[in-house]
Every structure is written in C-alpha cells, then in structure tokens.
Amino acid sequence: MNPNLDKAAINKRSFFQWFKYKWSSDPLFSIAIALIIMIILQTLVLGFDYDSFGSWFQAWINNWTNILRNNAATAIVALGMTFVIMTGGIDLAVGSTLVVTGALSMMLLDTGTKGFLLAMGISGAPAFVITILVVLLFGYLLGSLIGVSITKGKVPPFIATLGAMMIFRSVTQHFMQGYNPKVPAEFLQIASFKIGSFMIMPIIYWAIIAFILYYVSNRTTFGRQIIAVGSNERAAKLSGIHVEKVKLRVYALMGLLVSIAAIIQVSRIGSMDFSNAGRGMEMDAIAAAVVGGTNMMGGRGFILGTVYGMLIIAVMNNLLNLFGVPPFLREAFKGVIVIAAVLLQRKERTS
C-alpha cells in the first residue's frame with residue numbers, strides 16, 4: 001500500500017467533507033460558489049472570438065460595467081429591503097416610492113416654465129444640492145409614514161406597504177400627467193461622470209452604501225437590535241429593546257435608500273416613465289435579499305449576501321439576454337430562483 005496515495009485519499013475526503021459542511025452551514029459560502037459558477041458560465045457564453053486577450057478583456061469589463069451600472073439603483077434598494085425583512089417585515093412600496101421621489105426631483109429641477117427652483121432664481125449647483133436634500137428628506141418621511149402606520153397603527157407590513165404602493169404611484173400619475181419636466185444636462189453627471197473611460201458612479205454609490213450598511217449590520221447596536229426584533233419580538237421587548245422605534249427607523253431608512261436610487265435613476269436616464277418606472281423593483285429587491293440568505297421570517301440577513309444575490313440575479317438576466325430568452329419569460333426564471341432559495345434555506349439553526 002502506497003502511503004502517499006492513502007494520504008491523498010484522506011486529504012481528498014477531508015476536503016469534500018469540509019466543502020459539504022461549509023455548503024450546508026454557511027449561506028455566504030454557498031451563495032459565493034453559485035455566483036462564481038454563474039460568472040464562469042457567463043464568461044463562456046460571451047465567447048473568446050477576439051483579436052487579442054486585451055480586446056477580449058476590454059469587452060468583458062465593458063459587459064460587467066453595464067451590468068453593475070444598470071442594476072445599481074435596485075441593488076441599493078435591496079440593501080434596505082434586507083433590513084426590512086430581517087425585522088420580519090416587507091416593503092412592497094419601493095417602486096412607487098421611487099416614482100414619487102423621482103417626480104419630485106424632476107419638478108424641482110425642471111428647466112421649463114414650471115420649474116420650481118428656476119422660478120425662484122435658483123439654478124446650477126445650488127439647485128442640485130437643494131433638490132438632493134429635499135428628495136432625500138421626502139423619501140425619509142415617506143418611509144417614516146409607512147413605519148408609523150405599521151408600528152402605531154398596527155397595520156401588517158404587507159397591507160401597509162401594498163396600500164402605499166397604490167397611493168404613491170396613483171397620486172404621482174395624476175399630478176404628472178401631461179407634464180414632461182426637463183432635467184438639466186449637468187445633473188446627469190451625478191450618474192454619468194466618467195472615471196477614465198467608464199461611467200461607474202452608480203456602482204461607486206452602491207459600494208459605499210453597501211459598506212456603510214455592512215458596518216451598521218455587523219458592528220452597531222442598531223444592527224443587533226434588528227436581528228433581535230426579527231428573531232423574537234417578545235423577547236426583544238423583554239430585553240429592553242424599543243421594538244417600535246427599531247421598526248420605524250428601518251422603514252425610514254428604506255425610504256431614504258429608495259430616494260437615493262431615484263436620484264441615481266433620474267441622473268442616469270434624464271427622465272422617468274411614471275407609469276412603469278420602478279415596477280417589479282420590490283420583487284427584484286426581495287429576490288436579491290432572499291437569494292443572499294436573508295430569512296423571510298426575519299431574524300437573519302447578510303448585507304454581503306444581498307450583494308451576492310443581486311449579482312446572481314444581474315448575471316442571470318444578462319445570460320438570459322445573451323441566450324435570447326424572451327423578456328416575458330425572464331421573470332419566470334427569477335421566480336424559480338427565489339423559490340429555490342427559500343426551499344434551500346436549510347441553514348436554519350433549529351437548535
């Protein structure tokens with residue numbers, strides 16, 4: 001018997017045992033492996049029919065830049081959705097909140113005769129700063145309103161946010177019908193400013209916010225309180241946590257993050273379709289959080305996992321586009337992934 005072969009077999013068996021353990025017990029590990037597999041598959045589908053490695057690599061980078069840039073706004077919303085779900089709640093109003101905050105920003109910035117700030121003689125950088133501050137405050141207040149209805153009004157999160165979803169979009173469409181605000185070209189630089197030859201500002205915003213929320217989730221008392229509230233609300237109350245205050249702050253944060261996403265969307269596109277903008281954003285945000293290991297019942301969530309989850313969904317959409325799958329069928333694939341993610345949340349610790 002060859003001792004070297006025995007040692008290799010033992011090492012191989014040990015590796016597979018370690019891999020199986022990590023896969024079944026560490027959500028971030030399994031999500032990261034799934035993401036790596038999808039990236040490899042995407043790279044193979046893109047092909048290698050290029051004149052040189054440099055031209056192939058440039059095409060690969062361009063493809064990834066477009067993927068990340070196009071999904072940055074939704075990814076920011078998904079980060080907030082992670083906190084909401086961790087408390088045992090849900091927010092179906094994010095798409096409509098995006099529309100109403102986006103509409104407000106365009107009304108303030110409008111360079112036409114109806115432009116609010118222009119009528120006051122404010123333009124350029126001062127107008128941009130005021131617009132951003134007002135929109136962020138408005139988004140925060142809308143999120144707080146939802147939070148109050150849930151905490152003080154005792155309305156279930158699903159019903160409260162479903163009602164807000166219909167109210168926000170309906171009111172926005174009513175007041176914006178026949179009105180086409182013109183956004184200043186300079187404002188578009190918020191999302192379109194180039195670093196080198198890449199327009200990656202939305203990606204940078206996403207990365208900064210993800211880092212901040214990762215720190216909040218893992219290093220602050222507020223982050224621990226969110227987990228405690230979602231795990232066992234009654235026990236959290238008995239331990240001295242102000243449960244209603246935590247929930248209110250989470251929904252207010254959600255509104256703030258959606259308003260940031262709205263500013264990014266308006267500055268990236270320069271306009272907004274008030275009937276369709278943000279539709280399905282809530283599903284994408286929930287999907288990214290759930291795929292990233294956030295427990296739909298509350299009490300567990302990972303900001304880094306949500307980043308991975310968003311990347312998986314973004315790569316999947318890109319792959320489906322490369323394969324020529326009809327747009328209407330792409331949502332079906334997304335639905336399958338979400339259901340599978342929930343079914344595979346076998347990493348729950350019941351002990």
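Below you will find a few notes about this structure. This one's a predicted model, so the numbers in the text were calculated from it and none came from an experiment.

1. Examining the packing of helix H13 (residues 281–291) against helix H14 (residues 303–322)
Then, number 1: Two elements in contact, H13 and H14, have axes whose closest approach is 7 Å; the angle formed by their N-to-C orientations is 120°. Here H13 is positioned oblique relative to H14, judged by the angle of their axes. Seen along the crossing, H13 lies across H14 with a hand that is right-handed. Of the residues in H14, those touching H13 at Asp-284, Ala-287, Ala-288, Ala-289 and Val-291 are Gly-305, Thr-306, Gly-309, Met-310, Ile-312 and Ile-313.
Then, number 2: Counted by class, the contact of H13 with H14 contains seven nonpolar, three polar and one charged residues.

2. Things to note about the nonpolar core
Then, number 1: Counting 91 residues, the largest nonpolar core has Val-77, Leu-79, Phe-83, Phe-187, Trp-206 and Leu-213 as the members making the most contacts within it.
Then, number 2: Here this core gets 14 residues from one element, more than from any other, and that element is helix H3 (residues 53–86).

3. What to know about the environment of Leu-133
Then, number 1: Position of Leu-133 relative to the elements: it lies in helix H6 (residues 124–151).
Then, number 2: Each C-alpha atom, one on Leu-133 and one on Gly-278, is 21 Å from the other, the two residues being 145 residues apart in sequence.

4. Considering unusual backbone geometry
Outside of glycine, negative phi angles account for most residues, and trans bonds account for most peptide bonds.
Then, number 1: Its identity as a non-glycine residue notwithstanding, Lys-154 has a phi of 60°, on the positive side.
Then, number 2: If you trace the backbone, Lys-154 turns up in the loop between H6 and helix H7 (157–176).

5. A look at the pattern of salt bridges
Then, number 1: One pass over the full model with this rule turns up three salt bridges.
Then, number 2: Note that Glu-244 and Lys-154 form a salt bridge whose closest N and O atoms lie 2.7 Å from each other. Of this pair, Glu-244 sits in helix H12 (residues 243–269) while Lys-154 sits in the loop between H6 and H7; the two residues are 90 residues apart in sequence, bridging distant segments of the chain.
Then, number 3: The shortest N-O distance in the salt bridge between Lys-247 and Glu-233 comes to 2.9 Å. Separated by 14 residues along the polypeptide, Lys-247 in helix H12 and Glu-233 in helix H11 (residues 233–238) bring together distant segments of the chain.
Then, number 4: Relative accessible area serves as the criterion here: at 16%, Lys-247 is assigned to the buried category.
Then, number 5: Note on Glu-233: relative accessible area 31%, which makes it partly exposed.

6. Side note on the packing of H3 against helix H9 (residues 201–219)
Then, number 1: It is at 8 Å that the axes of H3 and H9 come closest, and there the two elements cross at 25°. It follows that H3 is roughly parallel to H9 by the angle criterion. For the pair H3 and H9, the sense of crossing is left-handed. Note on element contacts: H9 touches H3 through Pro-202, Ile-203, Tyr-205, Trp-206, Ile-209, Ala-210, Leu-213, Val-216 and Ser-217, opposite Thr-65, Leu-68, Arg-69, Ala-72, Ala-75, Ile-76, Leu-79, Phe-83 and Met-86.

7. Observations concerning the environment of Pro-27
Then, number 1: By the element assignment, Pro-27 lies in helix H2 (residues 27–46).
Then, number 2: Given a relative accessible area of 8%, Pro-27 falls into the buried group.
Then, number 3: For the pair Pro-27 and Phe-302, spaced 275 residues apart in the sequence, the C-alpha separation amounts to 8.9 Å.

Procedures and definitions
Residues numbered from 1 in each chain as written. Predicted model: local features only at pLDDT ≥ 70, side-chain atom pairs only at ≥ 80, totals over all residues. Heavy atoms only, no water. Axes fitted to C-alpha atoms, helices over the stretch in contact; angles between N-to-C directions. Helix = DSSP H or I, 4+ residues; strand = E, 2+ residues; numbered from the N terminus. Parallel < 35°, antiparallel > 145°, perpendicular 65-115°, else oblique. Left-handed = near helix turned anticlockwise from the far one by under 90°. Contact = heavy atoms within 4.5 Å. Nonpolar A, V, L, I, M, F, W, Y, C, P; charged D, E, K, R; others polar. Core = buried A, V, L, I, M, F, W, Y, C linked by side-chain atoms within 4.5 Å. Buried < 20%, exposed > 50% of the residue type's maximum accessible area, 1.4 Å probe, protein only. Salt bridge = Lys/Arg side-chain N within 4 Å of Asp/Glu carboxyl O.

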